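What follows is the residue order along each chain.
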Amino acid sequence: MPRETQNIASLQPIPDFVKNSASYVNYNIHGQTYIRGMKFFPLLIFSLLCSSLFGQNINIIPLPQSVIKNTGGFKLNGDVLIGMNDNSLLPQANYLQTQLQKGTGIEIAVDPDETKAAIDFKLIKKDQPEGAYSLSITPNKITIAAPDAQGIFYGIVTLLQLSRGQPAASQVNLPACEINDAPRFQWRGFMLDESRHFFGKDKVEQLLDWMAFYKLNRFHWHLTDVDGWRIEIKKYPQLTAVGAIGNHTDSLAAAQFYTQQDIREIVAYAQARFITVIPEIDMPGHATAANRAYPEFDGGSFSKYKHFTFDPANEKTYGFLADILKEVNGLFPSHMIHLGGDEVALGIQAWAGRPAISDLMAKNKFTSLDDLEHYFFRRMADTVISLGDKVLCWDEAASSDLPPLKTIVFWWRQNVPSQLELALQKRYDVVLCPRLPLYLDFVQDKAHISGRKWEGEYFNSVSDIYNFPDEQLPADQVKSPLILGIQANIWSETVGSPRRLDFMIYPRIAALAEAAWTNAGQKNEAFFNDRLKGQLPLYDKDRMYYYNPFNPASHAEAIDFAPVVIKPAEKHGRHRHGRDREDHHHKKHNDSQSRKKNRSKKNHHEKD
């Protein structure tokens, strides 16, 4: 069967009364005529699609590349055995066993003897993208095949989604179907900031569970910043004894941080779900918590940015940070460390005029403090690279002279498209995570009052996230092989409780998943929304307080802190993370021309 005729998102059944129309291309599959494309007869097509899929209990997010519905179904009950053609897949078998029991109450056994298996895992030799899989459900057998264990895992996740959409019982009836699937992007990320407010191991593991459920595979963990240092470093115990005290709203709050054992357990938990954990250790700015603990490495204060940077003229600073990075490297097997590198301009004037700084600049023939900032960042990047890791950084660091093969740039300033262009010109790999629409500390409904809006008007809805990046960026940029994928970020200035964290993440994380996984030509927002409705009962089962875009009044806005009214004179404040500022990650490149250029490309952000 031709590949294009298998795509259920773009091939829809057509009733007899429209088959004579000249405005569609039809295919015949198993005696049924299909139309290619969603733009003709959209309401009719969508209605037929929903009745076809939902009537047969096919409810999957993110939407697979291809789904073919067959007749009959598989009866999943306690008599079923899981088998495999390679014993290396035992961890995945145990995962399916555990999750089925948790989600449906059905207990099934694992037997490596493949001949007895009604659920069979098969490693195959096939040239496919990482994470690709096929899932075949017939009345007699379920087969998940993939060239790697990650693909097997994603086939399991799809099977779990099909099973969890049904009531818990001693038997679940799964619809017979053939699914062939592979991800659009290899980087499907989510970033959690725990410097401002700390959420703890249980909440992180719950988030990892949902990331796995939606096939997200990169967990970016923001562990150090102004408000708190959240990772134990054995060589420098004051980092947590002193630096972990306080949070964004209570400077005297008891120290909260992750021990190294906590870190190892969370990393292992993520690895079992094929999620890579990437730590962020901010430098040379956002260093306030570390400077409280070890003031000898403090780069000074400027205006309201107190103790914001590390001291680039103190040679011992580099040794101090290298020691930290060595311990971090030993805890995270991702071979990636995010060094921040953003918003140094907020506190860089603290360096000006200091004798040691002047001497260092003269010695190296630096003509500006920016040169010194880049010098600092290159030295620390060299340390990371010497540990065998890649350097990850926010898009300001694209201006530094970093080695392209060892660097990944995170483009977050949607109002500065020139930084994305620069990163691509310099051949850096890039992760797309612009504030609009991928910062989840932005409100998701115009009626919400706690959280951020861009220029007091633009917010990040489920729809905006779902339609990223294709409606926001030029096609040539999106298709560049240097674009690794996309990532949503949540900064926690206005998020101080698990309840609000859930409210800001769910269901937008589902839209993120489909934006990252599903090919642009297959996406249909109305169809996604219909599937999304089926996810809300699952959030209820997990006792999460979420935003309901279909009935906003059903869950009132979760508010942890009283909103701050921004005065007109303060509207263009520069601080990335201040909850009393418009800008997150804001440096002085926010000129009116770049805003105008950005807004003209993204008209949907100009609507209320």
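Everything here concerns the structure above.
**Student:** Honestly, the overall build of the protein in this entry has me stumped. Any pointers?
**Tutor:** Looking only at helices and strands, the protein has 19 helices and 18 strands in total. Burial statistics for the protein: of 608 residues in total, 59% are counted as buried.

**Student:** What exactly am I supposed to notice about the side chain of Asn460 here?
**Tutor:** As for its placement among the helices and strands, Asn460 is situated in the loop between helix 12 (435-438) and helix 13 (462-466). A distance of 2.8 Å separates the side chain of Asn460 from the backbone oxygen of Arg435, its partner in a polar contact.

**Student:** Got a minute to help me understand the sheet that holds strand 17 (residues 429-432) in this structure?
**Tutor:** Two strands in a sheet stick together by hydrogen bonds in their backbones, pointing the same way (parallel) or opposite ways (antiparallel). An order of 11-12-13-14-15-16-17-18 is seen for the eight strands of this closed barrel, with the pairing classed as parallel. Shown here is a sheet whose adjacent strand axes are inclined to one another by a mean of 30°, direction ignored. Where strand 16 (residues 407-411) lies against strand 17, four bridges are found, and the strand directions are parallel. Looking at strand 17, one finds that Val409 is bridged to Val430.

**Student:** In this structure, what is going on with the packing of helix 16 (residues 508-517) against helix 17 (residues 525-533)? I would like to understand it.
**Tutor:** For the pair helix 16 and helix 17, the least separation of the axes is 11 Å and the interaxial angle reads 135°. The angle between helix 16 and helix 17 falls in the class oblique. Note on packing geometry: the crossing formed by helix 16 with helix 17 is right-handed. Packed against helix 16, whose contacting residues are Ala510, Ala511 and Glu514, the element helix 17 presents Phe528, Arg531 and Leu532 at the interface.

**Student:** Looking at this structure, I do not really get the side chain of Lys203. What am I missing?
**Tutor:** Structurally, Lys203 is set in helix 4 (residues 201-213). Residue classification places Lys203 among the buried positions, given a relative accessible area of 13%. Within polar-contact distance, the side chain of Lys203 engages the side chain of Asp502 at 2.8 Å. Excluding residues that lie within four positions of it along the chain, Lys203 makes contacts with Pro498, Leu501 and Asp502.

**Student:** Just to check I follow, could you spell out the pattern of salt bridges for this structure?
**Tutor:** Applying the stated criterion across every chain yields a total of 19 salt bridges. Asp225 is the salt-bridge partner of Arg196, the closest N and O atoms lying 3.0 Å from each other. In this pair, Arg196 is assigned in the loop between strand 11 (187-193) and helix 4 and Asp225 in the loop between strand 12 (218-222) and helix 5 (238-241), connecting sequence segments 29 residues apart. Overall, Arg196 belongs to the buried group, its relative accessible area being 1%. The exposure class assigned to Asp225 is buried, which follows from its relative accessible area of 1%. Asp227 is the salt-bridge partner of Arg196, the closest N and O atoms lying 3.6 Å from each other. You can see Arg196 sitting in the loop between strand 11 and helix 4 and its partner Asp227 sitting in the loop between strand 12 and helix 5, a full 31 residues away along the chain. Assessed through its relative accessible area of 14%, Asp227 is described here as buried.

**Student:** Teacher, can you tell me more about the packing of helix 4 against helix 6 (residues 260-271) here?
**Tutor:** When two helices pack together, you describe them by how their axes are tilted relative to each other and by the distance separating the axes. Taken N-terminus to C-terminus, the directions of helix 4 and helix 6 make an angle of 15°; their axes are 10 Å apart at the nearest point. Between helix 4 and helix 6, the angle falls in the class roughly parallel. Crossing hand, helix 4 versus helix 6: right-handed. For the pair helix 4 and helix 6, the contacting residues are Lys201, Val204, Glu205, Leu208 and Asp209 in the first and Asp262, Glu265, Ile266, Tyr269 and Ala270 in the second. Class assignment for the residues of the contact of helix 4 with helix 6 results in five nonpolar, no polar and five charged.

**Student:** In this structure, what is going on with helix 11 (residues 417-425)? I would like to understand it.
**Tutor:** Given 3.6 residues per helical turn, the α-helix brings residues three or four places apart onto the same face. Within helix 11, burial applies to Pro417, Gln419, Leu420, Ala423 and Leu424. For helix 11, the angular spread of the buried residues around the axis is 160°, confining them to a single face.

**Student:** What exactly am I supposed to notice about the sheet that holds strand 10 (residues 171-181) here?
**Tutor:** Pairing is mixed in the open sheet, where seven strands are placed in the order 4-10-8-9-7-5-6. This sheet does not close on itself; its edge strands, each paired only once, are strand 4 (66-77) and strand 6 (109-110). Bridge count between strand 8 (residues 133-137) and strand 10: five bridges; the pairing is antiparallel. Across the sheet, the residue bridging to Tyr133 is Asp181, located in strand 10. Packed onto the sheet, helix 3 (residues 149-164) meets strand 7 (119-123), strand 8, strand 9 (142-146) and strand 10 and runs at close to 40° relative to strand 8.

**Student:** Can you walk me through the environment of Asn77 in this structure?
**Tutor:** Here Asn77 lies in strand 4. For Asn77, the side chain forms a polar contact with the main-chain nitrogen of Asp79, separated by 2.9 Å. There is a polar contact of 3.1 Å between the side chain of Asn77 and the side chain of Gln171.

**Student:** What exactly am I supposed to notice about the packing of aromatic side chains here?
**Tutor:** Aromatic ring pairs: the centre-centre distance and the angle between the two ring planes describe each pair. Scanning the entire structure with this criterion turns up 32 aromatic pairs. On the numbers, 5.2 Å between centres and 70° between planes, the contact of Trp210 with Tyr539 is edge-to-face. Of this pair, Trp210 sits in helix 4 while Tyr539 sits in helix 18 (residues 536-541), and the two are 329 residues apart along the sequence. Tyr539 shares its class with Trp210; the two are buried. Taking 5.9 Å as the distance between ring centres and 75° as the angle between the ring planes, the aromatic pair formed by Phe503 and Tyr547 counts as edge-to-face. Taken together, the residues span a long stretch of sequence, with Phe503 in helix 15 (residues 498-505) and Tyr547 in the loop between helix 18 and helix 19 (592-601) at a distance of 44 residues. Tyr547 matches Phe503 in its accessibility class, with the two residues each being buried. Taking NZ or CZ as reference, Lys215 lies 5.6 Å from the ring centre of Trp517, over its face. Between Arg531 and the ring centre of Phe527, over which it is positioned, the NZ or CZ distance is 4.4 Å.

What counts and how
- Residues numbered from 1 in each chain as written.
- Predicted model: local features only at pLDDT ≥ 70, side-chain atom pairs only at ≥ 80, totals over all residues.
- Heavy atoms only, no water.
- Helix = DSSP H or I, 4+ residues; strand = E, 2+ residues; numbered from the N terminus.
- Buried < 20%, exposed > 50% of the residue type's maximum accessible area, 1.4 Å probe, protein only.
- Polar contact = N/O pair within 3.5 Å; in protein donor to acceptor, adjacent residues only side chain to side chain.
- Pairing = 2+ DSSP bridges.
- Axes fitted to C-alpha atoms, helices over the stretch in contact; angles between N-to-C directions.
- Parallel < 35°, antiparallel > 145°, perpendicular 65-115°, else oblique.
- Left-handed = near helix turned anticlockwise from the far one by under 90°.
- Contact = heavy atoms within 4.5 Å.
- Salt bridge = Lys/Arg side-chain N within 4 Å of Asp/Glu carboxyl O.
- Nonpolar A, V, L, I, M, F, W, Y, C, P; charged D, E, K, R; others polar.
- Arc of directions from axis to C-beta.
- Phe/Tyr/Trp six-rings, centres within 6.5 Å; stacked < 30°, edge-to-face > 60°.
- Lys NZ or Arg CZ within 6 Å of the ring centre and 35° of its normal.

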